[in-house]
Amino acid sequence: MSRPGTAGGQPGPQRAANRVSAPTVPAQAYAELAAGNRRFVSGIPRHPNQDAGHRAAVADGQHPFAVIVGCSDSRLAAEIIFDRGLGDLFVVRTAGHTTGPEVLGSVEYAVTVLGTPLVVVLGHDSCGAVQAARQSAATGTPPQGHLRAVVDAVLPSLRRAAAEGVDDIDGIIDIHIAQTVEALLGQSPVLADEVAQGRCAVVGMSYRLAAGEVRPVAAVPPATLDVPIDAGTPAA
């Protein structure tokens, strides 16, 4: 599949301080997200790419630099916690960041059609989907309705945690994030090939609800995380 060309449309007027160019390689994309989260945590977000000029500029085409496969939890708003704006992030959310054909297809679209260089699996502490799966496994009682599909998708992570002797909820959530990273690559040969070719990377991150911080849990390839992160660099 062909790689994306130049962005369509002419950029409208906007404040130079709020204009941030998009990274084009995986390590830079990760560093940009991490720097944005630092700004969010410190209480000095820049709110880049959120003005009327940028809104007009991206109306004719999008070139997001990261796909966020995140949990649907209402406290996990990706553009806010990473201090980003319109056209920056391609967000796919399900309860417990579970994967299925629609999720995989959305990720493949962003990576192959839009040329997005980074896929992030974004989980968080106190995840209700993991807690529901844990309760279901403990009681032997599956939930009613379609919630069962969410719980069933999380159960392999619980079994992996048990096999590794991990019993605390935060440790189980980390394992579930890593499991989702592996699931994306294992279930999508398209994504796995993009990673093998060096055009994309997949990173698992965990968000702390009270502190607002994200931290890496897993990365393929691991070297994606080996970049300096400077939250104080002026926006380009």
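The structure displayed is predicted, hence computed values, not measured ones. (Residues numbered from 1 in each chain as written. Predicted model: local features only at pLDDT ≥ 70, side-chain atom pairs only at ≥ 80, totals over all residues. Heavy atoms only, no water.)

Structural notes on the packing of helix H5 (residues 128-139) against helix H6 (residues 147-163)
(1) Moving on: Two elements in contact, H5 and H6, have axes whose closest approach is 9 Å; the angle formed by their N-to-C orientations is 80°. Relative to H6, H5 is oriented roughly perpendicular. Residue-level contacts link Ala129, Val130, Ala132, Ala133, Arg134, Ser136 and Ala137 of H5 to Val150, Val151, Val154, Leu155 and Leu158 of H6. (Axes fitted to C-alpha atoms, helices over the stretch in contact; angles between N-to-C directions. Helix = DSSP H or I, 4+ residues; strand = E, 2+ residues; numbered from the N terminus. Parallel < 35°, antiparallel > 145°, perpendicular 65-115°, else oblique. Contact = heavy atoms within 4.5 Å.)

Concerning the packing of aromatic side chains
(1) Moving on: Tallied over the full model, the rule gives 1 aromatic pair.
(2) Moving on: Arranged with centres 6.0 Å apart and planes meeting at 40°, the rings of Phe90 and Tyr109 form a pair that is tilted. Here Phe90, found in strand E2 (residues 89-94), pairs with Tyr109, found in helix H4 (residues 101-113); they are 19 residues apart in sequence, far enough to count as distant.
(3) Moving on: Tyr109 gets classed as partly exposed once you look at its relative accessible area, which sits at 37%. (Phe/Tyr/Trp six-rings, centres within 6.5 Å; stacked < 30°, edge-to-face > 60°. Buried < 20%, exposed > 50% of the residue type's maximum accessible area, 1.4 Å probe, protein only.)

Some remarks on the packing of helix H7 (residues 169-187) against helix H8 (residues 189-196)
To describe two helices that pack against each other, one gives the angle between their axes and the distance between the axes.
(1) Moving on: Where H7 meets H8, the closest approach of the two axes is 5 Å, and the angle between their N-to-C directions is 100°. By the angle between their axes, H7 is roughly perpendicular relative to H8. Within the contact between the two elements, H7 uses Leu184, Leu185 and Gln187 and H8 uses Pro189, Leu191, Ala192 and Val195.

Comments concerning the pattern of salt bridges
(1) Moving on: Using the criterion set out here, one finds 12 salt bridges in the structure.
(2) Moving on: The salt bridge partner of Arg160 is Glu182, with a shortest N-O separation of 3.0 Å. One end of the pair, Arg160, is in helix H6; the other, Glu182, is in helix H7, and 22 residues separate them in sequence.
(3) Moving on: For Arg160, a relative accessible area of 25% puts it in the partly exposed group.
(4) Moving on: Here Arg215 ties to Asp174 by a salt bridge, and the two come within 3.0 Å at their closest N and O atoms. Placement of the pair is Arg215 in strand E5 (residues 214-220) and Asp174 in helix H7, with a sequence separation of 41 residues. (Salt bridge = Lys/Arg side-chain N within 4 Å of Asp/Glu carboxyl O.)

As for the pairing of strand E1 (residues 66-71)
(1) Moving on: Counting buried positions over the 6 residues of E1 gives 6, a clear majority of the element.
(2) Moving on: By the bridge criterion, 6 bridges tie E1 to E2 in an arrangement that is parallel. Paired with Val69 across the two strands is Val92, which belongs to E2.
(3) Moving on: Two elements, E1 and strand E3 (residues 118-124), share 4 bridges in a ladder whose sense is parallel. Each residue of the ladder has a partner; that of Val67, found in E3, is Val119. (Pairing = 2+ DSSP bridges.)

So, H6
(1) Moving on: With 17 residues, H6 ought to run about 24 Å at 1.5 Å a step, and its terminal C-alpha atoms sit 25 Å apart, in line with that.
(2) Moving on: Maximal helix bending in H6 amounts to about 30°, located at Val154; proline Pro156 follows within four positions.
(3) Moving on: Listed in full, the buried residues belonging to H6 are Val150, Val151, Val154, Leu155, Ser157, Leu158 and Ala161.
(4) Moving on: Where H6 is buried, its residues touch H5 and H7.
(5) Moving on: Where H6 ends, the next residue or the one after it, Gly165, has phi of about 75°, a positive value. (Expected span 1.5 Å × (residues − 1). Bend = angle between axes of the 7 residues up to and from the residue.)

Structural notes on unusual backbone geometry
(1) Moving on: Here Val220 and Pro221 are connected by a cis peptide whose omega angle stands at -5°.
(2) Moving on: With respect to the helices, strands and loops of the structure, Pro221 is situated in the segment after E5.
(3) Moving on: Even without glycine at this site, Ser126 takes up a positive phi of about 55°.
(4) Moving on: The topology assignment puts Ser126 in the loop between E3 and H5.

So, the nonpolar core
(1) Moving on: Of all hydrophobic cores here, the largest spans 55 residues; its most connected members are Leu33, Ile68, Phe82, Leu118, Val119, Leu122 and Leu191.
(2) Moving on: Per-element accounting of this core gives the leading share, 7 residues, to H7.
(3) Moving on: Dropping the residues within four chain positions of it, Val119 is found in contact with Val67, Val69, Val107, Val111, Leu184, Leu191, Cys200, Ala201, Val202 and Val203. (Core = buried A, V, L, I, M, F, W, Y, C linked by side-chain atoms within 4.5 Å.)

Details of the confidence of the model for the protein
(1) Moving on: Taken residue by residue, the protein gives an average pLDDT of 89. The fraction at 70 or more is 88%.
(2) Moving on: Counting contacts from residues 1-18, a segment whose pLDDT is below 50, to residues more than four positions away or on other chains yields 39 contacts.
(3) Moving on: The low-confidence segment residues 231-236 (pLDDT under 50) makes 16 contacts with residues lying over four places distant or belonging to another chain. (pLDDT = per-residue confidence, 0-100.)

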